[in-house]
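Single-letter residue listing:
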Amino acid sequence: MLSFAAPLWLLGLLALPAIRWLHRGGRHRRALAVVHLGLWQGSAAHTAAAAERRPPDPAWRRRALFAALAALALAAPQWPAARHRATLWIDAAPSMFVRESGGTRLALALAQARRELAADDIDDVEFRLLGDPWRAIDADAIASLSASLPTSQSGSLSDSLSAPLSAQPPASPPAALRDPARWSRPPPAALLRPERRQWLLTDGVHATARAWPDGSAPDRVIQVANVLRNVGVDRLAARRNADDARRMDVLVELVNGGATAETRELQLDADGRQAARVVRTLAAGASTTLQFTLPAAARLRATLQPSDALPEDDGLALDLTPLARRRVAVDPGCPSRLRAAVAIHPGLAEAAVDAIDVDAVLDCGGAGTARERPTLRMRDAGLPALRSGAPQWSAALASSERPAVDATRLRLAGALDVQPGDRVLLALGEQPAVVRRAASPVRLDCALDFASAAAAASPDTPLLVDWLFERLLGTRLLDAIAVVDHGAGASRVVPTAGAANASSTASAAAARAAAVPAAPTAPARDLALPLLLAALAILPWEIAALALQWRRLRSTEAEAAA
């Protein structure tokens, strides 16, 4: 349907009746030159209103046509043209950020897509990531991938398609796509709308990018993958040394994701100082695991040298805070067996009862004023006889969260009351033994016996202490592991077998693309210029007609004067 960009100019068409009225008949009587009026002495006189009216001056049609064309041209009419629509599915796996000659694989694929979109006269393009398909990429998200990319989701792409791609490659994959489960995930069938052509920008490294649902396939695949060499640090992990809490065991996994054997030097830095250096050679597609024992530190970094085409996976930094020993302010009135269990625990460090910089407090009745720290309070009401019963663990505790102790040997040394909002973690018979109070910060009340001779001889005391403080601090204390990785397959840069090394179009997809109907839904062809040229073409005609009329009037006046 015809549309107008400035429809108010159409009010100029109201001038057409006025133009015709201004050209109405000219003079109301015909003028006849006679020799004498005697022949008309008996004729009746006629008023001017009763005189014969001449037809309108034909020039009004020409002038009305000029006014109409000028008004239509100023209203900027636009005629809808067939729009060709496409959806560009972008594979944002880490391998798409490999530095090729001229830019990253992603930047080169987008540059090639820009050229092919212009050649195919596609003027409506939307961009979607395979790992985040339900959200069309807006201008800000496109800018996070690479600057100056085509960003139009509706309307003409003539400006954005001609915009140059940024010479600066994107730094790394978007944070939302660092989950390996989302890399190169095929698009859902609901978004493969038949009125749009489906293009895929990929490097062919992850076969799932082409495993589209219901046997469908992209109408066009733009694939860029020329650099096939890369080695990365796939994982960096650390844990406390079992024999010496002042040292840590470090594990580093290296992966050769390229097509040729590579040699790299691995450097480990602990708290900014070099702690280890080793050289390894890896065959194509191979991986290796290196183990080190280093002094305990707060931060660890592994770096490969020399760097390669994918520098993002050449290093990993690990925060070792989870391995730090938690300081506990210990009440000196606690049973010696309980204090000893805290002292020997590899994840706990005993501090004075009045220490301020602590992570938790162990209170046996002599810790003084309560502090804003997680607190474990031991309750001993001086029962005349130790009581016990069948152990009852909280249903909220999974079997893996229960200590591997002989609960039948546990004894109570006090009584605990349970208030609304409290949660009983362990009960012996009908008596609560460990209660988590409804308070913040966390507070545990424990009535287990740690002072009797039977408790002193039990090997379960260290495990119970570990379990209590893990519930109190909300983290694992024994066998705590700090780990960081890039994700399985993050270092692979070689296309899978069967993937083409250049742009390709599947025959079935090409047939489907040919059957895609064009959707004439948006204005595309501007008609203002043709109308304006037509209006200007009338001007010479009007000038010639006026000149001819002027000559006739001059001739008539000359004859009358003669």
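For the structure, check the block above.
This part takes up the overall build of the protein chain. Each helix and strand in the protein chain was counted, giving 10 helices and 25 strands. In the protein chain, which comprises 562 residues, the proportion classed as buried is 41%. About 29,600 Å² of surface is accessible on the protein chain, with carbon and sulfur atoms providing 56% of the total.

A few words now on the sheet that holds strand 14 (residues 299–305). Across a sheet, paired strands are connected by hydrogen bonds in the backbone, their directions being either parallel or antiparallel. Taken together, the four strands give an open sheet; going across it, the order is 12-11-14-15, and neighbouring strands pair in antiparallel fashion. The sheet is open, and its two edges are formed by strand 12 (273–282) and strand 15 (315–319), each paired on a single side. Adjacent strand axes in the sheet meet at a mean angle of 15° when their direction is disregarded. In this sheet, strand 12 lies alongside strand 11 (residues 262–270) in antiparallel orientation, the contact comprising nine bridges. The residue of strand 12 that forms the bridge with Leu 268 is Ala 276.

This part takes up the pairing of strand 23 (residues 443–446). Sheet topology note: the strand 19 (residues 375–378)/strand 23 ladder contains four bridges and is parallel. Each bridged residue has a counterpart across the sheet, and for Met 378 the counterpart in strand 23 is Cys 446. One ladder, built from three bridges, connects strand 22 (residues 431–436) with strand 23; its direction is antiparallel. Counted as the bridge partner of Val 435 is Asp 445 from strand 23. In textbook terms, the turn of a hairpin is the stretch between consecutive antiparallel strands, and for strand 22 and strand 23 this stretch comprises six residues.

On to a nonpolar patch on the surface. Taken together, the side chains of Leu 529, Leu 532, Leu 533, Leu 536, Leu 539 and Ile 543 define a hydrophobic patch exposed on the protein surface, amounting to about 570 Å² of accessible area. Position of Leu 539 among the secondary structure elements: in helix 10 (residues 528–561).

This part is about unusual backbone geometry. In this structure, Pro 306 follows Gln 305 across a cis peptide bond, with omega equal to -5°. As for its position among the elements, Pro 306 is in the loop between strand 14 and strand 15. Each neighbour pair has its own omega, and for Ser 440 with Pro 441 the value is 0°, a cis peptide bond. With respect to the element layout, Pro 441 can be found in the loop between strand 22 and strand 23. For Ala 76, which is not glycine, the phi torsion reads 55° and is therefore positive.

What follows is about the environment of Glu 401. Within the secondary structure layout, Glu 401 lies in the loop between strand 20 (391–393) and strand 21 (423–428). Residues in contact with Glu 401, not counting those within four places in the same chain, are Ala 396, Trp 467 and Arg 471.

This part takes up the pairing of strand 14. Looking at chain direction, strand 11 and strand 14 are connected through six bridges and run antiparallel. The residue bridging Leu 268 from the neighbouring strand is Ala 302, located in strand 14. Where strand 14 and strand 15 come together, five bridges link them in antiparallel fashion. Opposite Thr 303, over in strand 15, you have Gly 315 as the bridge partner.

The next point concerns the pattern of salt bridges. As enumerated under the stated definition, the model contains 28 salt bridges in all. A salt bridge links Arg 63 to Glu 542; the nearest nitrogen and oxygen atoms lie 2.6 Å apart. On the criterion of sequence distance, the pair formed by Arg 63 in helix 2 (residues 59–74) and Glu 542 in helix 10 is long-range, its members being 479 residues apart. Judged by its relative accessible area of 12%, Glu 542 falls in the buried class. The shortest N-O distance in the salt bridge between Arg 220 and Asp 120 comes to 2.9 Å. One end of the pair, Arg 220, is in strand 8 (residues 220–223); the other, Asp 120, is in the loop between helix 3 (105–119) and strand 6 (124–129), and 100 residues separate them in sequence.

Here we come to the packing of helix 6 (residues 336–344) against helix 8 (residues 461–473). As a packed pair, helix 6 and helix 8 sit with axes 9 Å apart at the nearest point and diverge in direction by 70°. It follows that helix 6 is roughly perpendicular to helix 8 by the angle criterion. Of the two elements, helix 6 crosses helix 8, and the hand of that crossing is right-handed. Here Arg 337, Leu 338, Ala 341 and Val 342 of helix 6 lie close against helix 8, whose contacting residues are Thr 461, Pro 462, Val 465 and Phe 469. When grouped by side-chain class, the residues that make up the contact of helix 6 with helix 8 number six nonpolar, one polar and one charged.

This paragraph deals with the nonpolar core. Across soluble globular proteins, nonpolar side chains have a tendency to be buried as a group. Formed by 37 residues in total, the largest nonpolar core has its most connected members in Leu 362, Leu 376, Val 434, Cys 446, Leu 448, Phe 450 and Phe 469. In terms of nonpolar packing, the next biggest core, distinct from the first, is built from 27 residues, Val 250, Val 252, Ala 270 and Ala 480 among them.

Two numbers describe a pair of aromatic rings. These are the distance of the centres and the angle of the planes. Within this structure, the stated rule accounts for one aromatic pair. Aromatic pair Trp 393 and Trp 467: ring centres 5.4 Å apart, planes at 85°, arrangement edge-to-face. Of this pair, Trp 393 sits in strand 20 while Trp 467 sits in helix 8, and the two are 74 residues apart along the sequence. Using a relative accessible area of 3% as the deciding quantity, one classes Trp 467 as buried.

Tallied over the full model, the rule gives one disulfide. A sulfur-sulfur distance of 1.9 Å marks the disulfide that ties Cys 334 to Cys 364. Between Cys 334 and Cys 364 the sulfur-sulfur dihedral comes to about 100°; the bridge is accordingly right-handed. Highlighted residues: Cys 334 in the loop between strand 16 (326–330) and helix 6 and Cys 364 in the loop between strand 18 (360–363) and strand 19, separated in sequence by 30 residues. Look at Cys 334 and you get buried, because its relative accessible area is 3%. What makes Cys 364 partly exposed here is its relative accessible area of 21%.

About the cut-offs
- Residues numbered from 1 in each chain as written.
- Predicted model: local features only at pLDDT ≥ 70, side-chain atom pairs only at ≥ 80, totals over all residues.
- Heavy atoms only, no water.
- Helix = DSSP H or I, 4+ residues; strand = E, 2+ residues; numbered from the N terminus.
- Buried < 20%, exposed > 50% of the residue type's maximum accessible area, 1.4 Å probe, protein only.
- Areas by Shrake-Rupley, 256 points an atom, 1.4 Å probe, with all protein chains shown as cover.
- Pairing = 2+ DSSP bridges.
- Axes fitted to C-alpha atoms, helices over the stretch in contact; angles between N-to-C directions.
- Patch = residues over 30% accessible without salt bridge, like charges linked within 9 Å, V, L, I, M, F, W, Y side chains within 5 Å.
- Salt bridge = Lys/Arg side-chain N within 4 Å of Asp/Glu carboxyl O.
- Contact = heavy atoms within 4.5 Å.
- Parallel < 35°, antiparallel > 145°, perpendicular 65-115°, else oblique.
- Left-handed = near helix turned anticlockwise from the far one by under 90°.
- Nonpolar A, V, L, I, M, F, W, Y, C, P; charged D, E, K, R; others polar.
- Core = buried A, V, L, I, M, F, W, Y, C linked by side-chain atoms within 4.5 Å.
- Phe/Tyr/Trp six-rings, centres within 6.5 Å; stacked < 30°, edge-to-face > 60°.
- Disulfide = S-S within 2.5 Å.

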